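# Residue-level structural notes
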There are 2 protein chains.
Amino acid sequence: MKRPTIADIARRAGVSKGAVSYALNGQPGVSEATRQRIVAIAQEIGFNPNSAARALSGASARAVGLTLCRPARILGIEPWFMGLISGFEAELSARSYALTLQVVATPELEVEVYRRWWGERRIDGVIVTDLRENDIRIPVLQQLQLPAVVIGGPGETGTIAQIWSDDAGAITEAVRYLVALGHRRIARVSGLPGLLHTQTRTRAFNDICSSLGLEANTVPSDYTGEEGSRATRRLLIDSDRPTAIIYDNDVMAVAGLAVAQEMGLAVPGDLSIVAWDDSPLCSLVHPPLTALTRDIAEYGAHAARELLASIDGKQVSNVEAGTAHLTPRGSTAPPR
Amino acid sequence: MKRPTIADIARRAGVSKGAVSYALNGQPGVSEATRQRIVAIAQEIGFNPNSAARALSGASARAVGLTLCRPARILGIEPWFMGLISGFEAELSARSYALTLQVVATPELEVEVYRRWWGERRIDGVIVTDLRENDIRIPVLQQLQLPAVVIGGPGETGTIAQIWSDDAGAITEAVRYLVALGHRRIARVSGLPGLLHTQTRTRAFNDICSSLGLEANTVPSDYTGEEGSRATRRLLIDSDRPTAIIYDNDVMAVAGLAVAQEMGLAVPGDLSIVAWDDSPLCSLVHPPLTALTRDIAEYGAHAARELLASIDGKQVSNVEAGTAHLTPRGSTAPPR
DNA sequence: AGAATTTACTGAACCGGGTAAGTTGTGGTG
DNA sequence: CACCACAACTTACCCGGTTCAGTAAATTCT
């Protein structure tokens, strides 16, 4: 079945291709009567402009790219990405931009994908997640002059806009809360140490702990349940084990809860647990987990808005959005 | 920065645009020496063919579409979709096809997205999930002659290829296993009743139960943790409550486990739990959940292969792939 | 050696929209 | 009535690849 083109509409309306283009794009150059006639015909025959033809003349592909650079194994259960994606979508589909997705194994491959996408003019911009120290993606994005928004800073990104949340404030709130409950030995199981927001959190955790006269014990991990379990076991076999653990994501917190239960420790009696990034997962388990909640979808929507503005040529500045706040649930209590 | 085109290459190589096109696409019509010279220049200046221009002449967009039609809330935690996506990706990126994603609220909107994508020639085919009874998407896909592969049958899809897994065999295996352990009161918390694979499972569950002389008690749910909790509570407050529950996905099973613990029931002592769709989630909780495991990524990869074959004009037949098998873990044991 | 075929290209049309420049026709103005 | 301004179009070319018809030179065949 041949898909209709503006030439088909032009023939049926008895006008030229150009007139149809003007009419459908709301440009001046056609009378209101003709415009309505053309729009009606387009409606009737189910016309959709060929995006390739449009991109070829107009330069905009009306699509943005997102790469997911984590092992497939963990991608599957981290609610974070899906939350982010639905946030993007809400904003993108409202402006009828498509979202192109690619799963990559390493930052090097990710850079290759950016080069290809941009070279092929497949996308108008990209959303970059998991900013690292001396991130190799940043200079490439600048060199390509590819519109981008970076999530997970703050860090050095030159002219590229960033969005981040106040992780330092959130972890400070969590530690203060645990101390108020009477905890003195608070440990933390962190995400990938190479990521900038992990470093921000670690620094803030160290600061608040030392200012309260506590020892800051952070065990690095990688966001997976397996590593979260392992880190938790290492912490709990210690003679003066912590009475509370803060995890950098929900998946590791759930894994930690299981380890505590397996070792016969009562949660929250013997061990309090705080999870970063609230998700339905946190309320599903027993006891439900106290979490540092933030609206990830809104965070994603915000990033998408900034990116679209940047694509439109507007100057975009760095913004802080989606500060997390503590949602107390059953997994935290005064230590016995 | 101006991105290079074949005209730039042609000028530098001192040949015509046509020759460059032949050379880069491995077509006959240029000498090996010229081809290598052209390829070298393309490499050097970092040439990528403009996908829009290509799609405009060649008709192929080198992209496939996937819509996710579930509320964002559950999308976030269902490992299933992410597993499927990484499976697609493995196959698609190997053949340098892009994956275009859209989150939709209803099947009606999903159909609209298909129409638009196809009309805009943005995609060459789609992967359709969650086949329903009298699915409204099927006639539209046929009318548009949009290449598609359907996951989640079997059902009536006419000429459109389907991929499904042997859900009936899997649930039969699970029931037989529980009966062998000594269970006589086995309940099931199902997914959305409108989905065909849910119906397949329900039918098989009824069959095996009646053939073993058991009562088949299925409580319909919707794959969310909330509904899974509610269904579990309803089952467990009963005077002759089940000694084992089979859940249609991992999220509901985890929720069910939490409800049992909250009600003071020991798992697996008082209640055995079997989860459909194994994911890291199942091994994270305590006790780890016995699951009906299948390789979802491979399932997705298979679907992608079929779709690409169908786009290439090959006749694709219905296939059964990725049969689930029982992975016993700590959540199942003989009833007390 | 001359004809027939093959090789290695060139030139131009084409895909389907966008858009600048040119062409009507209408009405107003001095 | 001639002149100008403006709306309402049409014409023609552009974007960047693909592809087909044509052409000249090199190679093969008889």
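Conventions and cut-offs
- Throughout, a residue's number is its position along its own chain's written sequence, starting from 1.
- For this description, chains carry letters from A and ligands carry numbers from 1, given in the order in which they are written.
- Local features in this predicted model are restricted to residues whose pLDDT is 70 or higher, and side-chain atom pairs enter the listing and the counts only when it is 80 or higher, whereas totals over whole chains, interfaces and linings include all residues.
- Only heavy atoms go into the side-chain values, all of them from the structure, while hydrogens and water stay out.
- In superposing the copies, a least-squares fit is computed on C-alpha atoms, taking residues whose pLDDT is at least 70 in both.
- Throughout, a residue-residue contact means that at least one pair of heavy atoms, one from each residue, lies within 4.5 Å.
- The start and end points of each domain follow an automatic or database-based domain assignment.
- Summed over both partners, the accessible surface that disappears when two parts come together, traced with a 1.4 Å probe, is what is meant by buried area.
- Take a side-chain nitrogen of Lys or Arg and a carboxyl oxygen of Asp or Glu: if they are within 4 Å of each other, that pair is a salt bridge.
- Any pair of N or O atoms that falls within 3.5 Å is considered a polar contact. Within protein, one atom must be able to donate a hydrogen and the other to accept it, and sequence-neighbouring residues count only if both atoms are side-chain atoms.
- For each residue, the test is whether any non-hydrogen atom lies within 4 Å of the molecule or strand; if one does, the residue is near.
- The classification used treats Ala, Val, Leu, Ile, Met, Phe, Trp, Tyr, Cys and Pro as nonpolar, Asp, Glu, Lys and Arg as charged, and all other residues, Gly among them, as polar.
- The secondary structure listing takes helices from DSSP runs of H or I that are at least 4 residues long and strands from runs of E that are at least 2 residues long, numbered from the N terminus.
- Using a 1.4 Å probe on the protein chains alone, a residue whose accessible area is under 20% of its type maximum counts as buried, one over 50% counts as exposed, and one in between counts as partly exposed.
- Buried Ala, Val, Leu, Ile, Met, Phe, Trp, Tyr and Cys residues that are joined via side-chain atoms within 4.5 Å together make up what is termed a nonpolar core.

### Focus on the relation of the copies chain B and chain A
At an RMSD of 0.1 Å, chain B and chain A line up after a rotation of 180° and a shift of 0.0 Å along the axis. Accordingly, the operation relating the two chain copies is best matched by a two-fold axis. Here 100% of the interface residues in chain B have copies in chain A that are interface residues too; the copies meet face to matching face.

### Section: the domain arrangement of chain A
Residue and element names in this part refer to chain A. Assigned domains within chain A: domain 1 (6-49), domain 2 (64-164 + 297-320) and domain 3 (167-295). Inter-centroid distance (C-alpha atoms) of domain 2 to domain 3 is 28 Å. Contact with domain 2, which involves 18 residues of that partner, is made by 17 residues of domain 3. Here domain 2 packs against domain 3, burying approximately 1400 Å² in sum over the two surfaces, 58% of which is carbon and sulfur. At the junction of domain 2 with domain 3, the criterion picks out zero salt bridges. In this assembly, domain 2 and domain 3 are joined by five residue pairs in polar contact (both at pLDDT 80 or more).

### Regarding the protein's contact with DNA strand C
Of all residues adjacent to DNA strand C, which total 27 residues, the nearest are A:Ile6, A:Ser21, B:Ser16, B:Ser31 and B:Thr34. When the atoms of DNA strand C within 4 Å of the protein are sorted by group, sugar and phosphate make up 58%. At 3.4 Å, a backbone N or O of A:Ala53 approaches a base nitrogen of DNA strand C. Within the side chain of A:Arg54, one N or O atom sits 3.0 Å away from a phosphate oxygen of DNA strand C. Residue composition of the surface near DNA strand C, by class: eleven nonpolar, twelve polar and four charged.

### Looking at the environment of B:Ala258
All names here are of chain B. Residue position: alanine 258 is located in helix H12 (residues 250-262). Judged by relative accessible area, which is 6%, alanine 258 ranks as buried. Distance in space between the C-alpha atoms of alanine 258 and arginine 201 is 24 Å, their sequence separation being 57 residues.

### A closer look at the protein's contact with DNA strand D
Around DNA strand D, the structure places 26 residues, and the nearest of them are A:Ser16, A:Thr34, B:Ile6, B:Ser21 and B:Tyr22. Here, DNA strand D places atoms within 4 Å of the protein, and 54% of those atoms are sugar or phosphate. Those elements giving two or more residues to the surface near DNA strand D turn out to be helix H2 (17-24) and helix H4 (51-58) of chain A together with helix H2 (17-24) and helix H4 (51-58) of chain B.

### Some thoughts on the nonpolar core
Within the largest apolar cluster, 58 residues are counted, with the highest numbers of intra-cluster contacts made by A:Ile245, A:Ile273, A:Leu289, B:Ile245, B:Ile273 and B:Leu289. Residues in contact with B:Ile245, not counting those within four places in the same chain, are B:Ala187, B:Arg188, B:Val189, B:Thr232, B:Leu235, B:Leu236, B:Leu271, B:Ser272, B:Ile273 and B:Val274. Core analysis: the next-biggest nonpolar cluster, separate from the first, contains 54 residues, A:Leu307, A:Val316, B:Leu99 and B:Ala321 among them.

### Some points on the pattern of salt bridges
Residue and element names in this part refer to chain A. Taken as a whole and assessed by the stated rule, the structure comprises 38 salt bridges over all chains. Measuring nitrogen to oxygen at the nearest pair gives 2.9 Å for the salt bridge that ties glutamate 120 to arginine 122. Arginine 122 carries the same exposure label as glutamate 120, and that label is buried. A salt bridge links arginine 329 to aspartate 278, with the nearest nitrogen and oxygen atoms 2.8 Å apart. Of this pair, arginine 329 sits in the segment after strand S12 (325-327) while aspartate 278 is found in the loop between strand S9 (272-276) and helix H13 (280-284), placing the two residues 51 residues apart along the sequence. By relative accessible area, arginine 329 is classed as partly exposed at 23%.

### Some details on the environment of B:Arg230
For B:Arg230, the position within the fold is in helix H11 (residues 225-236). On the basis of relative accessibility, which here comes to 44%, the residue B:Arg230 falls in the partly exposed class.

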